[in-house]
Amino acid sequence: MTATTVTLALVLGFGAGALSGLFGVGGGVLFVPTLALVVGLSQLGAQATSLAAMIPVVAFGAWQQHRAGNVRWREGIAVGVVSIIGVTGGAALATSLDEELLRNLFAGFLVIVAAQLVWSARRP
Amino acid sequence: MPTGKRTLLALGGIGIASGFLSALFGVGGGIVVVPLLVLLLGFDSRAATATSLAVILITALAGATSFALLEHVDWDAAALVGLPALVGSVAGVRLQRLVTSRELTLLFAVFLVAVAVVLVLE
């Protein structure tokens, strides 16, 4: 990695965190494009690395929300533990797909996230 | 108990859907967890957002572990974007209390679509 890439990744990482805090969108939506387009990882590598990158942000967020008394842990842990079954299936599918197809599917997912944001911002 | 059974089914369904989406796209899965906790389990939006973070923490740990076992995780790159993001998220939450506007959200949506176009063309 060149110094420029490192600097850009640091700045975009900060930006991804700021935007996720601002809009309540998970960091992954922004980590994946940063890792793929700026750091130069493969689509699968960017997605896998994004999951690792979000751990500190999510852990800190969960801890803050816990302190504020907003987390319903029973349900959260139940859904989280069951999600491991889904993770196994999703990981198997992601690793079996062609790079370009996976990237295009991710792009489609971004458009759905954008549509959901527009929907949530509609006039009350 | 039909109500208890329904709750269990909802919890399981949300878990499987969000875990699948998360591992398929490298995202947290909050986009499905938050609305489904509201719709299926009657959470208010504050509790849903907060609880989704607990869910995503488990999901992301599981996802990162499975991809790490397959040697797809670049740990240096993860630290490079993940640690500044931690600082950024604190700033973002602060900023949210000062500025939240429909225009800003729409602008962000346009930005996401632009990123999608760049990814497809790349």
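Once a new chain begins, its residue numbering starts again from 1 and follows that chain's sequence as written. The order in which chains are written sets their letters, starting at A; the order in which ligands are written sets their numbers, starting at 1. Whole-chain, interface and lining totals are the exception, using all residues; otherwise, since this is a predicted model, local features are given only for residues with pLDDT of at least 70 and side-chain atom pairs are given and counted only at 80 or more.

## Some points on the overall build of chain B
Part 1: Helix and strand counts for chain B stand at five helices and zero strands.
Part 2: Under the scheme used here, helices are H or I runs from DSSP no shorter than 4 residues and strands are E runs no shorter than 2 residues, and both carry numbers assigned from the N terminus. Counted from the first residue to the last, chain B has its helices and strands arranged as α-α-α-α-α.
Part 3: Its C-alpha atoms give chain B a radius of gyration of 17 Å, more than 25% over the compact-globule value 14 Å for 122 residues.
Part 4: In terms of overall dimensions, chain B has a C-alpha envelope of 50 × 40 × 30 Å along the principal axes.
Part 5: The contact rule is simple: place each C-beta atom from the backbone, and if two of them lie within 7 Å, those residues are in contact. Counted over contacts in chain B with a minimum sequence separation of 6, partners at least 24 positions apart contribute 36%. For this measure, only C-alpha atoms enter the radius of gyration; the expected value for a globule follows 2.2 Å times N^0.38, where N is the number of residues.

## Observations regarding the interface of chain A and chain B
Part 1: Opposite the 85 residues of chain A that make contact, chain B presents 76 residues.
Part 2: If you list the elements that add at least two residues to the side of chain A that touches chain B, you get α1 (3-23), α2 (28-38), α3 (43-67), α4 (73-96) and α5 (99-120) of chain A.
Part 3: Per-element tally for the side of chain A that touches chain B: the top contributor is α4 of chain A, with 21 residues.
Part 4: Basically, the charged four are Asp, Glu, Lys and Arg, the nonpolar ten are Ala, Val, Leu, Ile, Met, Phe, Trp, Tyr, Cys and Pro, and anything else, Gly included, counts as polar. Partitioning the side of chain A that touches chain B into residue classes produces 55 nonpolar, 27 polar and three charged.

## A look at the environment of T34 of chain A
Part 1: Relative to the helices and strands, T34 of chain A is located in helix α2.
Part 2: Residues T34 of chain A and L8 of chain A, spaced 26 residues apart in sequence, show a C-alpha to C-alpha distance of 9.0 Å.
Part 3: Setting aside chain neighbours within four positions, we find T34 of chain A in contact with A9, L12, G13, A16 and V39 of chain A together with V81 of chain B.

## Brief notes about the confidence of the model for chain B
Residue and element names in this part refer to chain B.
Part 1: Looking at any residue, its pLDDT shows the predictor's confidence there, from 0 to 100. Summary statistics for chain B give a mean pLDDT of 91 and a share of 97% for residues scoring 70 or more.
Part 2: Mean pLDDT in chain B bottoms out at helix α4 (residues 75-98), which sits at 89, and peaks at helix α3 (residues 45-69), which reaches 95.
Part 3: Interface confidence for the predicted complex, given as ipTM, is 0.93, next to a pTM of 0.93.

## Examining the nonpolar core
Part 1: Each nonpolar core reported here comprises buried Ala, Val, Leu, Ile, Met, Phe, Trp, Tyr and Cys residues connected via C-beta atoms within 7 Å. Any residue whose C-beta has 12 or fewer other C-beta atoms within 10 Å is treated as exposed, any with 20 or more as buried, and any in between as partly exposed, C-beta atoms being built from the backbone. Counting residues in each nonpolar core, the largest one holds 84 residues, and the members touching the most others are L35, L110 and V113 of chain A together with V81 of chain B.
Part 2: Two domains each put at least three residues into this core: domain 1 (1-73) and domain 2 (74-122) of chain B.
Part 3: Non-local contacts of L110 of chain A, meaning those with residues more than four positions away in its chain, are made with V29 of chain A together with L112, V115 and A116 of chain B. For each domain, the first and last residues come from an automatic or database assignment.

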